Amino acid sequence: MVQPFNRLELTASLMACSALRYSPAGIPILDCQLQHESLVHEAGAERSIKLLLNAKAVGMVAETLVSQPLNTMFRFNGFLAAGKKSTSVVFHIDSFQMV
């Protein structure tokens, strides 16, 4: 049986961040918005991709990301999940580095 796989690596600009908040257990949480632009090949044609993606960081990643400058390009790693109160996709960031 094949195990499901949910990992995403994305280069994107950090466009906006909410204020750092804390879960009832005291875990830091940061909601942010990422902007990605790239060119990809699909069905033999070049396609321009431009998107805004809601993202979330938790724990030490949130504490580090909140101090990063906006409009800066990073390589983000994480996974996709549905939002808590909707079915919209949220990128959960578990690591990042400036590019």
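A brief look at the structure comes next. (Residues numbered from 1 in each chain as written. Predicted model: local features only at pLDDT ≥ 70, side-chain atom pairs only at ≥ 80, totals over all residues. Heavy atoms only, no water.)

## Side note on the pairing of strand S5 (residues 72–82)
Which entries qualify depends on this criterion: Whether two strands pair depends on DSSP finding at least two bridges between them. Numbering goes from the N terminus for both helices and strands, where a helix is a DSSP run of H or I of at least four residues and a strand is a run of E of at least two.
Judged from the seven bridges that link them, strand S1 (residues 8–17) and S5 form a sheet pairing that is antiparallel. Within S5, the residue paired with Ser13 across the bridge is Met73. Of the pairings in the sheet, the one linking S5 to strand S6 (residues 89–98) comprises nine bridges and is antiparallel in character. Following the sheet pairing, Arg75 is matched in S6 by Gln97. Between S5 and S6, which follow one another and run antiparallel, lie six residues.

## With respect to the nonpolar core
Condition: Only buried residues count toward a nonpolar core, which is a set of Ala, Val, Leu, Ile, Met, Phe, Trp, Tyr and Cys residues joined through side-chain atoms within 4.5 Å. Burial classification: accessible surface area is computed with a 1.4 Å probe over protein chains only, and a residue below 20% of its type maximum counts as buried, one above 50% as exposed, and the rest as partly exposed. Two residues qualify as a contact provided that any one of their heavy atoms is within 4.5 Å of a heavy atom in the partner residue.
If you look at the biggest cluster of nonpolar residues, it comprises 17 residues, and the most contacted ones within it are Cys32, Leu34, Leu65, Phe76, Phe91 and Ile93. Going through the elements one at a time, S1, strand S3 (28–42), strand S4 (45–58), helix H1 (60–65), S5 and S6 are the ones with two or more residues in this core. Apart from the residues within four sequence positions on either side, Leu34 is in contact with Ala12, Ser13, Leu14, Met15, Leu51, Leu52, Leu53, Ala55, Phe76, Phe91 and Ile93.

## What about the pairing of S6?
Note that S4 and S6 share three bridges and pair parallel. Its bridge partner lying in S6, Ala55 is registered against Phe91.

## Side note on the side chain of Asn77
Inspection of the secondary structure assignment puts Asn77 in strand S5. Given a relative accessible area of 18%, Asn77 falls into the buried group.

## As for the packing of aromatic side chains
Put simply, the rule reads: Only the six-membered ring of Trp is used, alongside the rings of Phe and Tyr, when aromatic pairs are assigned; centres must lie within 6.5 Å, and planes under 30 degrees apart are stacked while those over 60 apart are edge-to-face, with the rest tilted.
This structure, assessed with the given rule, holds three aromatic pairs. For the pair Phe74 and Phe76, a centre-to-centre distance of 5.6 Å together with 50° between the ring planes defines the contact as tilted. Summarising the burial analysis for this pair, Phe74 and Phe76 share the class buried. For the pair Phe74 and Phe96, a centre-to-centre distance of 5.5 Å together with 85° between the ring planes defines the contact as edge-to-face. Here Phe74, found in strand S5, pairs with Phe96, found in strand S6; they are 22 residues apart in sequence, far enough to count as distant. Judged by relative accessible area, Phe74 falls into the buried class, the value being 1%.

## A short note on the pattern of salt bridges
Rule in force here: The term salt bridge refers to a side-chain nitrogen of Lys or Arg lying within 4 Å of a carboxyl oxygen of Asp or Glu.
All told, the structure shown has five salt bridges when counted by the stated rule. Note that Asp31 and Lys56 form a salt bridge whose closest N and O atoms lie 3.8 Å from each other. Pair noted here: Asp31 is in strand S3 and Lys56 is in strand S4, with a separation of 25 residues, a long-range link. One salt bridge connects Arg47 with Glu42, and the closest N-O pair in it is separated by 3.0 Å. For Arg47, a relative accessible area of 43% translates into the label partly exposed. Taken together, the shared-partner salt bridges in this structure form one network comprising Arg21, Asp31 and Lys56.

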